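Read off the chains here:
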Amino acid sequence: KGGDRGRVSFSMSDELAFAWNLLEAKELTQEEYSSVVQDLTEMSSVDSATTVSVLHVLEGRAFKNLEKAMAFVSKECGAPLISIACFDLRPEATSLLSPEFMLKRGALVFEVLGKDALAVVMNPYDRQLRKEIEGMAGRKCHFFMTLPSEFDKALEAVTKGGAGQAPADEKKEKPKDKKGK
């Protein structure tokens, strides 16, 4: 692992800046922006095991233009959209960031390719987050975006069941020897 630990706490100002960028680009109306800000405020005031992000709020509200807004952000930030569900999450990649960091900051390293790593971020506007991920991973990272629901499923697989492993109910038990060991 890299040397930097990175800030683990959620950054309301970075999420508000993300929402503001969407408003300025007319990807959100003033009313939608106000609702997003209110939801972010409420979500951040509760200490729960969920990632607080603009994208999570929009998906949770069934925002009809979520894909369009994500495509805009993807292009503006140079973070291509991917389906993280298509990747086999292996510990060599997913262990580069702490579970708490991944949850609170909305980031997950999902693949290692040679000396580089691939990571999804829920807020691609947050340049400091990108630096912290590279510092913690100890390598250059290429950043992507994914749907919040896919991020949550991947994070749950990494933190609960271990990356790259089938959920417990799908695992086949190894045959025991004659003495039951």
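In what follows, the structure referred to is the one given above.
How each quantity is defined
- Residues numbered from 1 in each chain as written.
- Predicted model: local features only at pLDDT ≥ 70, side-chain atom pairs only at ≥ 80, totals over all residues.
- Heavy atoms only, no water.
- Buried < 20%, exposed > 50% of the residue type's maximum accessible area, 1.4 Å probe, protein only.
- Helix = DSSP H or I, 4+ residues; strand = E, 2+ residues; numbered from the N terminus.
- Pairing = 2+ DSSP bridges.
- Right-handed = clockwise from strand over helix to strand, strands pointing away.
- Salt bridge = Lys/Arg side-chain N within 4 Å of Asp/Glu carboxyl O.
- Phe/Tyr/Trp six-rings, centres within 6.5 Å; stacked < 30°, edge-to-face > 60°.

**Student:** Break down the pairing of strand β2 (residues 116-121) for me, citing the residues and quoting the values.
**Tutor:** Judged by how many residues are buried, β2 sits mostly within the fold: 5 of 6 residues are covered. Two strands pair when backbone bridges link them, and strand β1 (residues 107-113) and β2 are joined in this way by 6 bridges, in the antiparallel orientation. In the sheet register, Leu108 faces β2, and the bridge partner there is Val120. Between β1 and β2, which follow one another and run antiparallel, lie 2 residues, and Gly114 among them has a positive phi close to 60°. What joins β2 to strand β3 (residues 141-144) is helix α7 (residues 127-137), and the crossover it makes is right-handed.

**Student:** So what's going on with the pattern of salt bridges? Residues and values would help.
**Tutor:** Close approach of charged atoms allows side chains of opposite charge to pair. Scanning the entire structure with this criterion turns up 6 salt bridges. Across the pair Glu27 and Lys68 runs a salt bridge, and its minimum N-O distance is 3.3 Å. One end of the pair, Glu27, is in the loop between α1 (12-24) and α2 (30-45); the other, Lys68, is in helix α4 (residues 66-77), with 41 residues separating them in the sequence. Look at the salt bridges and you will find they share partners, linking Arg90, Glu92 and Glu111 into a network.

**Student:** So what about the packing of aromatic side chains? Which residues, and what values?
**Tutor:** A complete count under the given rule lists 4 aromatic pairs for this structure. Taking 5.7 Å as the distance between ring centres and 75° as the angle between the ring planes, the aromatic pair formed by Trp20 and Tyr33 counts as edge-to-face. With a gap of 13 residues between them, Trp20 in helix α1 and Tyr33 in helix α2 connect regions that are remote in the sequence. Among the residues examined, Tyr33 registers a relative accessible area of 14% and is labelled buried. With a centroid separation of 5.9 Å and an interplanar angle of 70°, the aromatic rings of Phe110 and Phe144 are classed as edge-to-face. Of this pair, Phe110 sits in strand β1 while Phe144 sits in strand β3, placing them 34 residues apart in sequence. Three or more aromatic residues link up through ring pairs in this structure, and these residues are Phe87, Phe110 and Phe144.

These values are about where atoms sit, not about what they do.
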